[in-house]
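As a plain string of letters, each chain reads:
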Amino acid sequence: MNCKKNRKIPLWWGIIIWAVLVLLFFVPAVFGGKVLAPVDCVECLFKPFATQPMEEVHNQYNVDGASQYLPYSWAMQQSWQSDGYMGWNPYTHNGTSLPENTMLSPGDWHHWLFGFLPFWTAWDAGILLQFFIAGLGMIILLKSRGIPIPYVLLGAVSFSFYSQFIMWIYDRWLGGIIWAPLIVWSLLEGRRKNKWVHIPSILFIALGFRGGHLQACLFVFLLVLCVFLADWWKRADRWSWKVFLKSSSFYLISGFLAALLSLDVFVDTLPRMEGCKSLPFVWGLENIPFLATSVMPTLFGIPQTISISKVIGADLFDIKFGGGVVFVLAVLALFNRRAPLTAKFCFLVSLIVSCTPLSTFLYSRSTVVMAFGMSWLAGWQLFDLRRHPVLPIWRRLAWWGIGILCIWLAVSVAVQCFHEPLLLKLHSFIDGNITTSQQKYRHSWYLLRSERLLDQLMIWDWRNALLILLVSVGGWACSRLNISSRYPKWWAGLVVLCTFGEQIVFSSSWIAYSDKPESGYLYKEPEWMSEFRGHVGDGAVVIVNPHNDLDFLCTNHLSTYGIRLASGYETVQPRYLRPLSDGHYYPKDYAMAGISHLLCDAKAGRPSFDGWNLVQETEDFFLLENPLYRGRYFVRTQGEKNHFSPVVPDWRTNNKIHVTVPPGTKELSVLESYSRGWSARTGKGEELPLSSTERYSILVSVPDSEQQTEILLQYHTPYREWYYSMMGGTALFLLVAALLQRRVNIRTEKEG
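Throughout what follows, the structure given in this document is the object of discussion.

About the cut-offs
Residues numbered from 1 in each chain as written. Predicted model: local features only at pLDDT ≥ 70, side-chain atom pairs only at ≥ 80, totals over all residues. Heavy atoms only, no water. Helix = DSSP H or I, 4+ residues; strand = E, 2+ residues; numbered from the N terminus. Rg over C-alpha atoms; globule rule 2.2 N^0.38 Å. Buried < 20%, exposed > 50% of the residue type's maximum accessible area, 1.4 Å probe, protein only. Contact = heavy atoms within 4.5 Å. Areas by Shrake-Rupley, 256 points an atom, 1.4 Å probe, with all protein chains shown as cover. Lys, Arg positive; Asp, Glu negative; His and termini not counted. Charge placed at Lys NZ, Arg CZ, Asp CG, Glu CD. 1 Å grid on protein atoms, 1.4 Å probe; cavity = no way out; pocket = protein on both sides within 12 Å on 5 of 7 lines; lining within 4 Å. Points joined across faces, edges and corners; volume = space filled by probe spheres on them. Nonpolar A, V, L, I, M, F, W, Y, C, P; charged D, E, K, R; others polar. Pairing = 2+ DSSP bridges. Expected span 1.5 Å × (residues − 1). Bend = angle between axes of the 7 residues up to and from the residue. Axes fitted to C-alpha atoms, helices over the stretch in contact; angles between N-to-C directions. Parallel < 35°, antiparallel > 145°, perpendicular 65-115°, else oblique. Left-handed = near helix turned anticlockwise from the far one by under 90°.

A closer look at the overall build of the protein chain
Okay, step 1: For the protein chain, the count of helices and strands is 27 helices and 19 strands.
Okay, step 2: In summary, the protein chain has a C-alpha radius of gyration of 29 Å against a globular reference of 27 Å for 752 residues, a match within 12%.
Okay, step 3: Its C-alpha atoms give the protein chain principal-axis dimensions of roughly 95 × 85 × 50 Å.
Okay, step 4: A total of 752 residues make up the protein chain; the buried ones form 56% of that total.
Okay, step 5: Taking as baseline every contact in the protein chain between residues at least 6 positions apart, the subset at least 24 positions apart corresponds to 75%.
Okay, step 6: A total of about 33400 Å² of accessible surface is found on the protein chain, and carbon and sulfur atoms cover 62% of it.
Okay, step 7: Taken as two groups, the 65 positive and 56 negative side-chain charges of the protein chain have centres that lie 17 Å from each other.

Re empty space enclosed by the protein
Okay, step 1: Overall, the coordinates contain one cavity of 30 Å³ or more when judged by the stated rule.
Okay, step 2: Each pocket or cavity is described by its volume, and for the largest cavity that value is around 40 Å³.
Okay, step 3: Lining the largest cavity, in full, are Pro 297, Thr 298, Gly 301, Ile 302, Ile 319, Arg 463, Leu 467, Val 505, Phe 506, Ser 509 and Trp 510.
Okay, step 4: Put simply, the parts of the chain that give the lining of the largest cavity at least two residues each are helix 23 (462-483) and helix 24 (488-507).
Okay, step 5: The residue inventory of the lining of the largest cavity, partitioned by class, reads seven nonpolar, three polar and one charged.

Observations concerning the layout of surface pockets
Okay, step 1: Quantified by volume, the second largest pocket comes out at close to 1500 Å³.
Okay, step 2: In terms of lining, the second largest pocket is formed by 43 residues, of which the most central are Val 295, Leu 397, Trp 400, Gly 401 and Ile 404.
Okay, step 3: Secondary structure elements with two or more residues in the lining of the second largest pocket: helix 15 (324-334), helix 19 (394-417), helix 22 (443-456) and helix 23.
Okay, step 4: Ranked by residues supplied to the lining of the second largest pocket, first place goes to helix 19 with 15 residues.

Here's the deal with the sheet that holds strand 14 (residues 665-670)
Okay, step 1: Spatially, the five strands line up as an open sheet ordered 11-10-14-18-17, and their pairing is antiparallel. Here the strands that pair on one side only, and so sit at the sheet edges, are strand 11 (645-646) and strand 17 (690-692).
Okay, step 2: Of the pairings in the sheet, the one linking strand 10 (residues 633-637) to strand 11 comprises two bridges and is antiparallel in character. The residue of strand 11 that forms the bridge with Val 635 is Ser 645.

Comments concerning helix 13 (residues 241-261)
Okay, step 1: With 21 residues, helix 13 extends 30 Å between its outermost C-alpha atoms, agreeing within 8% with the 30 Å of an ideal straight helix rising 1.5 Å per residue.
Okay, step 2: Its maximal kink placed at Ser 249, helix 13 deviates by approximately 35°.
Okay, step 3: Turning to helix 13, its buried residues number three or more, namely Val 243, Ser 247, Ser 248, Ser 249, Phe 250, Tyr 251, Ser 254, Leu 257, Ala 258, Leu 260 and Leu 261.

Quick look at the packing of helix 7 (residues 149-160) against helix 18 (residues 368-385)
Okay, step 1: At their nearest, the axes of helix 7 and helix 18 sit 8 Å apart, and the two run at 160° to each other. Overall, the two elements helix 7 and helix 18 adopt an arrangement that is roughly antiparallel. The way helix 7 lies across helix 18 gives a crossing that is right-handed. For the pair helix 7 and helix 18, the contacting residues are Tyr 151, Leu 154, Gly 155, Ser 158 and Phe 159 in the first and Val 368, Ala 371, Phe 372, Met 374, Ser 375, Ala 378, Gly 379, Leu 382 and Phe 383 in the second.
Okay, step 2: Of the residues assigned to the contact of helix 7 with helix 18, the class counts are 10 nonpolar, four polar and no charged.

In structure tokens form, the structure reads like this:
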């Protein structure tokens, strides 16, 4: 009987249970036929594509997923399917490189899914697998620390469904930090074995670097720094320079070799930093009040209401929630001398960083390192409760909780009694603080959401009541685990289920599920789109006076319908083909930049631009045509100095353009953004000189020929031969090091 009671749950059972929890968390996408995408932002907010009332949008904070990450991934899949690799996006910025788009996290493994799976299957599978890998890493790490499966699952649930992962679920930087548990596990194993070169550490750090954008790489650096600091702090003679250098060498070598394995990501994206937008300087102290959201994430509003956090200069995106019970357990572990020091450093260092000016550049996303440490501490502390005497804190926590709830109840009753006067004051505050554009277009939106705010902040709102219930039951289960020696795994399982329930309640106001669009494009095609596409053809569109507040004709959206845009949106802007008109819409300059149409907001009045012809009109927009536009491909023949004649390409894909030029052609001009990755060769395989014009378009020099010449332009990531050689050399070095290390180990065992 005693053996049965102490029987341990094997690791593979923990992995199966975790897989089931992930499937249950995303059940609408897995079993309900939905897709994990904020399509409702398009249908409710993106004028003139919107067909539903603005108020029907589930979560307007998801707008980046609809306007950036989905279009980026859509163009990437087209590149994979047309040419078998991720290369060029011809639909934004007059053409731009996909691997150079830092926001796309181009080095992550999930991009490979788009090469052989349907788009929505690859999109959903990539998200689900990211969450699964994060939890799997926590299970492996905590299990290796001697913590049984029931307690390990608490860390997996807390870290994987941390609020920053949920709120940014469509922004694919998650692929960097999901490797945090495996990075720490491999680093601890490497230090335990006293190795200088530990291949798993290098590989997992490299996966972290490759999985996110440049900012997420800093999170990986912060994580490794915390592990090193904890390792160094444990040493008795830690203030010796020799000890410091010896302690840091293992981490420096691992990070350096991991960076070499991620060289393609850095080479493609780092040169673009010169075009990065400036950020306002913020102290970060406004994040301190948001620690309350670590227990109750609805205190400052939800996406369906107005964010009262802006009053203190913060934002709803600053929420730090991994479960109320988890946060309490982690704080208890901070004061427990037996708790793992590495987890404490991750928790505290990341939390402190988020409250300093560094938060200006790292945002609250950097608290994913804090979430990792918090989840580790919570799992450890939950297991430690059953091994040691009863803590005297449970009764105090209960009374503190009851006191806070009584205050909340009293405030809720008072707000309900004075509901109308408070609502009038809130409406007056909104009217005095919103912009003229917001007053004109979103006034009713703000008034409705202010009413929702007063209702949602009440203690009896279903989200608040359910979260209070789950935290209370979870806390009671923790106390029973500490007090009673019977059924410890069942009490631990109840804590895990309560935390899982908390995460589901929190995520219900953030994650959007949508019906899969029936059209062949990314989104549902409006009725007017067929005529619109017929007018534009192979030209490019410039959007005039867009309203950012309404996301009117957001700059990437037309690309999802196969329409080229002369601009676009990325955090780091690429250098692309521009008209030399200084903000004036001169048809000649725009034609020389391959721009065929202007798109204008109808609410701004009928446009009157000299030389442009109105070709399509709806209640939302005007489409103007450039009569001087003659095409995107031109040739200059012998004897002609400045005259270029238009030609039609034989065919083109995302990364290839095939053109047959007439006899005597001297130059081929392509009104597509120039990049060093473009190359040109004749049908016989002869390389042709290719350069950039002053407008950053492509110019190909053609050899003298009395016959037609076939020319193939192709885009590949520049410098790929160089960094592939460096990465291959690093991989070979690691392989040789592993073989030598294995031989040394075998010899040592024989001698022993």
